[in-house]
Amino acid sequence: MTCRHAQSLIEDLVDNELSEAKAAELRALLAEDPDCLREYQLSGRLKHLLAQGATSGTPDPGDEYFDELQRLIMARTVESAPFARQAVAPADRSRAERASVRGSFIRSIITVAASLCVFVTAVFLGSTDPSRTAEREQTAAGSPSPSIVHVVNADAALDLTSGDRDRIVAGTMLLGPPGLMGRFTDIAGRPAPR
Amino acid sequence: MRSEIPELVKRFTEGDMQAFSELVARYRKRIYYLAYQMLGNHLDADEVVQESFVRVFNKRTELVHVTNFTSFLIRIATNYSIDLLRKQRGHAQVAEDSESLPGEVQIELARQVQTPDADYLNKVLREEIYRALTQLPPRQKITALLHDVEGYSKSEIAHILECPEATVRSNLHIARKKLKQILKKRLDTKE
């Protein structure tokens, strides 16, 4: 083995990664070649200094820091993930489920109440429309719109019996209360008279 | 009774968050010190530790197929550290001067270990080496750190960095060569 070849094996010797036979051969060379020996000593010194730095080069931030670091990590992972619910205890889970159902019920009530408010407000606003005042005055509560009665009675081609007419009128009363749906069209689909 | 790492990992993949907490407690210091060695400051090391465990948490489905959790975690930490290095500092600048001092300098230093100034000289040398280490390119730096500082074997490093062992050997050899050159030159300057 020459010194040049030995250069590539010196690091393996420093790392204790050579076979016994190869290590013995290299050590014999180092004993005879001062340049190779110096290279080996330098490599060993470097590794020793690097290893020392592992314990003395890094400042210790303290256990309090690491505990706080752990809390931050858990907050960013377990506590903010839906997966975390799988780790909840059974007693706590039923309590959480009950709270969740109660919350959903309350939200549903609020939604229905809000819808009713919108509906009532729309009815109220429609009923205050001055253009419908005259018609409303003519129409008693629960009575069909005059325009509907007119259409039903006037259209002889429909060949309706009086019972049919009554049913149609009653149906339009349900569908088109004054001030809301009857506001825009009458039974024939024509725009409501202004 | 203290659980083994594979058992903790298995429980974690099955949804046991207490197992994850235990894994964080066991590895937090190790990842912190490794990151500090890589990046050289507390803030970056802190970021690496947090981000590494967040990524492990997000990749928990992959842990089922992982045979070595330590390598898996260190790989995540080193990759993130390398990304940080590249973003913040760019590629390291290494002295191009290939002149080397005679080996007698180091031999003399080795003899001086027994003298009263040996501790101080060792401290100076260590600082010089770590300063030189920070100048290495990321891959060479992390290879030298994992091997010579953390004590991982070349095959373990190859598994961590997901590269051939020959690449690890090559990076380590180049890193050591550069460190020795820079160290010799600085010692020559001091004289």
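As shown above, the structure is provided for reference.
All of the points below concern the structure found in this document. Here the structure is a predicted model, which means the values were calculated and not measured. (Residues numbered from 1 in each chain as written. Chains lettered and ligands numbered in written order. Predicted model: local features only at pLDDT ≥ 70, side-chain atom pairs only at ≥ 80, totals over all residues. Heavy atoms only, no water.)

All right, on to the overall build of chain B then. From N to C terminus, chain B includes 9 helices and 0 strands. Ordered by position from N to C terminus, the α and β elements of chain B give α-α-α-α-α-α-α-α-α. Across the 191 residues that make up chain B, the buried fraction comes to 52%. Look at the contacts in chain B between residues 6 or more apart in sequence, and 67% of them connect residues 24 or more apart. Total accessible area on chain B is roughly 9500 Å²; 49% of this is exposed by carbon and sulfur atoms. (Helix = DSSP H or I, 4+ residues; strand = E, 2+ residues; numbered from the N terminus. Buried < 20%, exposed > 50% of the residue type's maximum accessible area, 1.4 Å probe, protein only. Contact = heavy atoms within 4.5 Å. Areas by Shrake-Rupley, 256 points an atom, 1.4 Å probe, with all protein chains shown as cover.)

On to the packing of helix α4 (residues 63-76) of chain A against helix α2 (residues 17-39) of chain B, then. The geometry of α4(A) relative to α2(B) is characterised by a closest axis approach of 10 Å and an angle of 130° between their N-to-C directions. In terms of axis orientation, α4(A) runs oblique to α2(B). Handedness of the crossing formed by α4(A) with α2(B): right-handed. Across the interface between the two elements, D63(A), Y65(A), F66(A), D67(A), Q70(A), I73(A) and M74(A) of α4(A) pack against M17(B), F20(B), S21(B), V24(B), A25(B), R28(B), K29(B), Y32(B) and Y33(B) of α2(B). Taken together, the residues that form the contact of α4(A) with α2(B) break down as 10 nonpolar, 2 polar and 4 charged. (Axes fitted to C-alpha atoms, helices over the stretch in contact; angles between N-to-C directions. Parallel < 35°, antiparallel > 145°, perpendicular 65-115°, else oblique. Left-handed = near helix turned anticlockwise from the far one by under 90°. Nonpolar A, V, L, I, M, F, W, Y, C, P; charged D, E, K, R; others polar.)

In this section: the packing of helix α3 (residues 42-58) of chain B against helix α4 (residues 69-88) of chain B. Each pair of packed helices gets described by two things: the angle between the helix axes and the distance between those axes. Residues and elements named next belong to chain B. Between α3 and α4, the least distance of the axes is 9 Å, while the angle of their chain directions is 130°. Looking at the two axes, α3 sits oblique to α4. In this structure, the crossing between α3 and α4 has a hand that is right-handed. Where α3 approaches α4, its residues D44, E47, V48, E51, S52, F53, R55 and V56 are matched on the opposing element by F69, F72, L73, I76, A77, Y80, S81, L84 and Q88. When grouped by side-chain class, the residues that make up the contact of α3 with α4 number 10 nonpolar, 3 polar and 4 charged.

Tallying the contact residues gives 39 residues for chain A and 47 residues for chain B. Summing the contributions of chain A and of chain B, the shared interface buries around 4100 Å²; its carbon and sulfur component is 60%. If you look at where chain A meets chain B, you find 10 salt bridges. Its salt-bridge partner being E17(A), residue R169(B) comes within 3.6 Å of it at the nearest N-O pair. At the boundary of chain A and chain B, one finds 19 residue pairs in polar contact (both at pLDDT 80 or more). Of all the secondary structure elements, the ones that give two or more residues to the side of chain A that touches chain B are α1 (3-14), α3 (34-56) and α4 of chain A. Broken down by element, the residue count for the side of chain A that touches chain B peaks at 15 residues, all from α3(A). A class-by-class count of the residues in the side of chain A that touches chain B yields 18 nonpolar, 9 polar and 12 charged. (Buried area = accessible area lost by both parts, 1.4 Å probe. Salt bridge = Lys/Arg side-chain N within 4 Å of Asp/Glu carboxyl O. Polar contact = N/O pair within 3.5 Å; in protein donor to acceptor, adjacent residues only side chain to side chain.)

Here we take up helix α8 (residues 154-161) of chain B. Since the α-helix packs 3.6 residues into each turn, any two residues three or four apart lie on the same face. Residues and elements named next belong to chain B. Regarding α8, the residues found buried are K154, I157, A158, I160 and L161. An end-on view of α8 places all buried positions within 165° of arc, on one side of the element. Among the residues trailing α8, E162 stands out with phi positive, at a value near 55°. (Arc of directions from axis to C-beta.)

Overall, the coordinates contain 10 aromatic pairs over all chains when judged by the stated rule. Centroid distance Y65(A) to F66(A): 5.2 Å. Interplanar angle 65°. Geometry classified as edge-to-face. Ring pairing ties together the aromatic residues Y65(A), F66(A), Y32(B), Y33(B) and Y36(B), which thus form one cluster. If you follow R60(B) out to its NZ or CZ, it ends over the ring of F57(B), 4.3 Å from the centre. (Phe/Tyr/Trp six-rings, centres within 6.5 Å; stacked < 30°, edge-to-face > 60°. Lys NZ or Arg CZ within 6 Å of the ring centre and 35° of its normal.)

Counting 67 residues, the largest nonpolar core has F12(B), F20(B), V56(B) and F69(B) as its most contacted members. In terms of residue count, α2(B) provides more of this core than any other element does, 13 residues in total. Sequence-distant contacts of F69(B), defined by excluding residues within four places in its chain, comprise I5(B), V9(B), L23(B), Y27(B), V56(B) and L63(B). Of all hydrophobic cores here, the second largest spans 12 residues; its members include I10(A), L13(A), A23(A) and C36(A). (Core = buried A, V, L, I, M, F, W, Y, C linked by side-chain atoms within 4.5 Å.)

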